[in-house]
Structure formats: C-alpha cells, structure tokens
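The chain contents come next:
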Amino acid sequence: MNSRIWLSSPHMGGNELKYIHEAFDTNWIAPLGPNVTGFEDDLKQFLNTQKEVGALASGTAAIHLGLILAGVTAGDEVICQSMTFSASANPILYQGATPVFIDSEPETWNMCPNHLEAAIKDRIAKGKKPKAIIPVHLYGMPAKIDEIVAIANKYEIAVIEDAAESLGSTYKGKNCGTFGEYAALSFNGNKIITTSGGGAIVCNDEAAKKKAIFLATQARDDAPHYQHSEIGYNYRMSNIVAGIGRGQMEVLDKHISLRRDMQVLYKNIFKDVNGVTVFEEPNDNYFSNHWLSCITVDEKIAGFSREDLRLALWEDNIESRPLWKPMHLQPIFEKYAYYGTNVSENLFNNGLCLPSGSNLTTQEKERITQVIAAFLA
Ligand SMILES: Cc1ncc(COP(=O)(O)O)c(C=O)c1O
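Residues numbered from 1 in each chain as written. Predicted model: local features only at pLDDT ≥ 70, side-chain atom pairs only at ≥ 80, totals over all residues. Heavy atoms only, no water.

J.: Looking at this structure, I do not really get the overall build of the protein chain. What am I missing?
T.: Helix and strand counts for the protein chain stand at 13 helices and 15 strands. Taken against the 2.2 N^0.38 rule, which gives 21 Å for 377 residues, the C-alpha radius of gyration of the protein chain at 21 Å falls within 12% of a compact globule. Principal-axis analysis of the C-alpha atoms places the extent of the protein chain at approximately 70 × 60 × 35 Å. Burial analysis of the protein chain (377 residues in total) assigns 56% to the buried set. Across the protein chain, every contact between residues at least 6 apart in sequence was considered, and the portion connecting residues at least 24 apart equals 72%. The distance from the centre of the 34 positive side-chain charges to the centre of the 44 negative ones in the protein chain is 3 Å. (Helix = DSSP H or I, 4+ residues; strand = E, 2+ residues; numbered from the N terminus. Rg over C-alpha atoms; globule rule 2.2 N^0.38 Å. Buried < 20%, exposed > 50% of the residue type's maximum accessible area, 1.4 Å probe, protein only. Contact = heavy atoms within 4.5 Å. Lys, Arg positive; Asp, Glu negative; His and termini not counted. Charge placed at Lys NZ, Arg CZ, Asp CG, Glu CD.)

This is how it looks when you write it as structure tokens:
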C-alpha cells in the first residue's frame, strides 16, 4: 500500500523546538511567558494592524469569547455563515443564543451579502434584531467582507470574523482577521500554521484584549484570594504551545506560497477537463492563502462525479474530502432559520477539497497528478 497523502498535515519549520527549549531553560512552562507575548507580537506584526491579538487554546474559544464580548446572551439571535465548519456555529449555542444561517454567494463561497441583509430585515420585522454576525473566509478565500461590514454597520450589529482558515489572505490588501470587531484565528493541526492546537482572538484595542484574557483565565477579580464576579473560562494558550507558534511564524510566508503553488498545480491538472472548475479568486481584490485547494465537478459535463474522483484518490491512499456540509443541513442545526437558496448545498454536493499541504514532496505531487490523470483517462 502506498503511504497516505493527507489533505493538510502539520509542517514544522525547524525552529519550534528552539523556542520550546528556551521555555524549559527558563522554567516558563506554564501558564504564560515570553513565547505567548512573542507569538502575539508576531501575529500583530504579520496582520499589519493596530488591533491587539490574544493567544488562546483554540479558534473555537476565540469565537466564543468574541460572542461574549459582543454581548451575546441567552435568547439572542446570531447570524452565521451556513457553509462552514461547525466550530463557527457551536459557540452561539454555548451562549444559549439562536443561530440564523445564511447561504453563500457563488464567487467566494462565503456569506451572501444580499441574503444577509434580507435576513436582518426579516428578523427585525419578526421582532428581534440579531446581536452579531459571523462571516467566514472559507478555505482561505476572503469573503465579500467590505459589503458584509457595511451592512453590519448600517444595522449596528457586531461582526465576529471567523478567519480560522485564512491567515495570510487579504481583501483589497488588508488582512483577513482585521475586519471584524473581533476575529478568530486557528492554529489547529490542519491549518496553514499550527501550534498542535491553538487559536487567537483579534480585538479592536488593549481594553478589549484585556477583557478577553480576563475571561480566558477564569475571570479572576483583582484580589489576593480567588474572587469571581463573572463566569470564566480556561482558554489561554500555554507558553510551550506558543513556542511552536513562534517557530511557525518564521515559515508562514513560505507556507502561503507553497499552498498557493498547490492551487496552481490543480489548475494545470484540470485545465483541459470540461466540467471541472478549480476554485480561484474572483478578481485582484482577493488574495487567498489557498489553505485548501478545491474543485467543483459538474457531473453532466465531466462524465464523473466528485465522489467518483474522491474514491479513485482514496484507492491510492490519497485523502480528499467533500466541501464542508452547510450548517442548515446538519442534524444538530437544521431546525434553525435559514436564508438563501441552494448555493452552499450545490457546493457541498459537487465540491471536493484536494491535498493541499505545504509539506507535500515532489514525489507526492507527482503521485497525485498521475492518479488523477489515470482516473481522467
Ligand atoms: C472555519 C473554522 N472555524 C473555526 C475553527 C475552529 O478552530 P479550532 O479548531 O482552533 O478550535 C475551524 C477549524 O478547526 C475552522 O475551520
């Protein structure tokens, strides 16, 4: 059996252990320390922003804290992109709030601004103005974020930007993760850089970051004894984990370029294949990190389905995965309101994510190319 080729696996840069050793040498094992602040500074610099970054245990924690800081409480409604990973939506339920799902537009596959505004108007007409909006930059592709933010501003609703998959992507030259009142980054094992598991919240200013970190460290009031006036969480990133992040920041630009090369590889592989479309930026305003390279297959034209291709790759031990199943079709979320048509549903039915790791070797890329060529023949 050939060795497994993964969709997206961790890719260490080399210096991660140096930062971890420094933490051991100085006994900065837990909870905080120079790697945490160093990693936060690196991220802030990379994002080229005046905003503040707080390192957390996960991207999910960042979305949860964003909702809390935006004032979302039980009974509120929160608008969320339907086509996403469940972690965008789960924290809405952690807060006892109610999700309202929005379809994608076909250009970026992210939250459709038209359906968003229609939903806001309808929710207001029904008696409740949504408390927050969670757009996502799925697979690294920037959403139509200026339109989404303009609508959010018009109705004075907070945007919590899910940039878990889009570190290094930009819209009109501005980094994903710097558009919302709060934004979430993820350093989960499959992301463009990983800390083995981790995330970060991007906040507008120091005061907001301070509040986020306060909540992330068990909401301890300023007292010599343990005193609590609010519910706290254990969401902070450790100094060891942040050491991995510091090493990964040294290779982030390289990872972005290698992931983008994978998308070019697939454009070449499928360039003469009718019915297969490789996902790409709609125009020069968009720069995707191409965290995952994706295709859609029109079965009627191509003569095969995305599932046929997925199974052919799997036969050779190559992992691919259908595009994320929209939240409004998930058993846990299907009872909630949904605004849209069937754009995200069609993407789910016809789309496939292909191996996209920055660590794929020349031989692995050749194997992928050959297996697809044999399948197409
Ligand atoms: C779109 C999206 N949102 C949120 C998350 C959650 O991030 P984490 O796994 O770091 O909690 C992920 C990844 O897992 C994601 O892909």
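The structure having been displayed, the exposition proceeds.
J.: Looking at this structure, I do not really get the packing of helix 5 (residues 113-125) against helix 6 (residues 145-154). What am I missing?
T.: Packed helices, taken two at a time, are described by the angle between their axes plus the distance between the axes. Across the interface, helix 5 lies against helix 6 with an axial gap of 9 Å and an inter-helix angle of 15°. Looking at the two axes, helix 5 sits roughly parallel to helix 6. Between helix 5 and helix 6 lies a crossing of right-handed hand. Between helix 5 and helix 6, the contacting residues are Pro113, Leu116, Glu117 and Ile120 on the first element and Glu147, Ile148, Ile151 and Lys154 on the second. Counted by class, the contact of helix 5 with helix 6 contains 5 nonpolar, no polar and 3 charged residues. (Axes fitted to C-alpha atoms, helices over the stretch in contact; angles between N-to-C directions. Parallel < 35°, antiparallel > 145°, perpendicular 65-115°, else oblique. Left-handed = near helix turned anticlockwise from the far one by under 90°. Nonpolar A, V, L, I, M, F, W, Y, C, P; charged D, E, K, R; others polar.)

This is a description of form; function is not addressed.
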